[in-house]
Amino acid sequence: MENEILDNIQSPIIAPSILSADFCNLQADIDMVNQSEAEWFHLDIMDGEFVPNISFGMPVVKAIRSRAEKPLDVHLMIVRPERYITRFAEAGADILTVHYEASTHLHRTLHQIKSEGMLAGVALNPHTPIMLLEDIIEDADLVLVMSVNPGFGGQKFIERSIDKIEKLREMIDKRGCETLIEVDGGVNLETAPRLVAAGVDILVAGNSVFGAQNPTEMILNLKNAR
Ligand code: DX5
Ligand code: ZN
């Protein structure tokens, strides 16, 4: 792994999910993240087919890129994500994650993402077992474990995710690879310490950050969650 995003990673990385930001005043929320202890911006792209919701596309990613001073972690909840790899690279994505369930040729897709200079991630829906990653784990820079059913912010954390993360941690450590573990959905001050203990490297947080009285302080508290 030679990408500079991976230099000096201090877990847990906090990636606020822009899905829960104020879309009438994105600039203020982007500036808040810029000035906070958060390391990445998490952007959720939904196509109304892979998930029952539609979010935003390239023009919004480009606009966020022009203002954001930190890496863009783009989570594609779309069918056949390989169609858009180059477009998201051009829009300014630094990390591109595709769903295991949406990618027929995942190995090829991950390597296409890397060849465009981005880090490549694979996301798992709550029902998808960790063991399915056995033959692809070394090719992924990160694995995103969905701890809610993808499509919406503000949902309840699925407890089973802790067990999945422990299993994934064990698989990665056994194999001696450097794949990072990201968790997305229902991350808050109650779940974050347990997720970190289970071996998570990156915490995505939408509602808990943008719904907080003081989002900057919430980011710091999530970062210090033990
Ligand atoms: C859900 C998205 C998440 C979402 C998380 O499909 O992938 O990134 O924004 O929202 P919270 O943190 O509110 O559960
Ligand atoms: Zn997401």
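Residues numbered from 1 in each chain as written. Chains lettered and ligands numbered in written order. Predicted model: local features only at pLDDT ≥ 70, side-chain atom pairs only at ≥ 80, totals over all residues. Heavy atoms only, no water.

Student: Please set out the overall build of the protein chain residue by residue, giving values where relevant.
Tutor: Per the secondary structure count, the protein chain includes eight helices and eight strands. In terms of overall dimensions, the protein chain is globule-like: its C-alpha atoms have a radius of gyration of 16 Å, near the 17 Å expected for 226 residues. In terms of its C-alpha atoms, the protein chain occupies a principal-axis envelope of roughly 45 × 40 × 35 Å. Across the protein chain, the fraction of contacts at a sequence separation of at least 24, relative to all contacts at a separation of at least 6, is 67%. Summing over all exposed atoms, the protein chain offers an accessible surface of approximately 10200 Å²; the carbon and sulfur share of this is 46%. Averaging the locations of the 19 positively and 34 negatively charged side chains of the protein chain gives two centres separated by 3 Å. (Helix = DSSP H or I, 4+ residues; strand = E, 2+ residues; numbered from the N terminus. Rg over C-alpha atoms; globule rule 2.2 N^0.38 Å. Contact = heavy atoms within 4.5 Å. Areas by Shrake-Rupley, 256 points an atom, 1.4 Å probe, with all protein chains shown as cover. Lys, Arg positive; Asp, Glu negative; His and termini not counted. Charge placed at Lys NZ, Arg CZ, Asp CG, Glu CD.)

Student: Give me the pairing of strand 5 (residues 119-124): which residues, what numbers.
Tutor: Among the six residues of strand 5, six are classified as buried, and the element is accordingly described as predominantly covered. Neither face of strand 5 is left uncovered, since the one carrying Leu119, Gly121 and Ala123 and the one carrying Ala120, Val122 and Leu124 both have all their residues buried. Note: strand 4 (residues 95-99) against strand 5, five bridges, orientation parallel. By the bridge assignment for strand 5, Ile95 is matched with Leu119. Crossover connection from strand 4 via helix 4 (residues 106-115) to parallel strand 5: handedness right-handed. Here strand 5 pairs with strand 6 (residues 142-146) via four bridges, running parallel. Residue Ala123 lies in a different strand from strand 6, and its bridge partner there is Leu144. (Buried < 20%, exposed > 50% of the residue type's maximum accessible area, 1.4 Å probe, protein only. Pairing = 2+ DSSP bridges. Right-handed = clockwise from strand over helix to strand, strands pointing away.)

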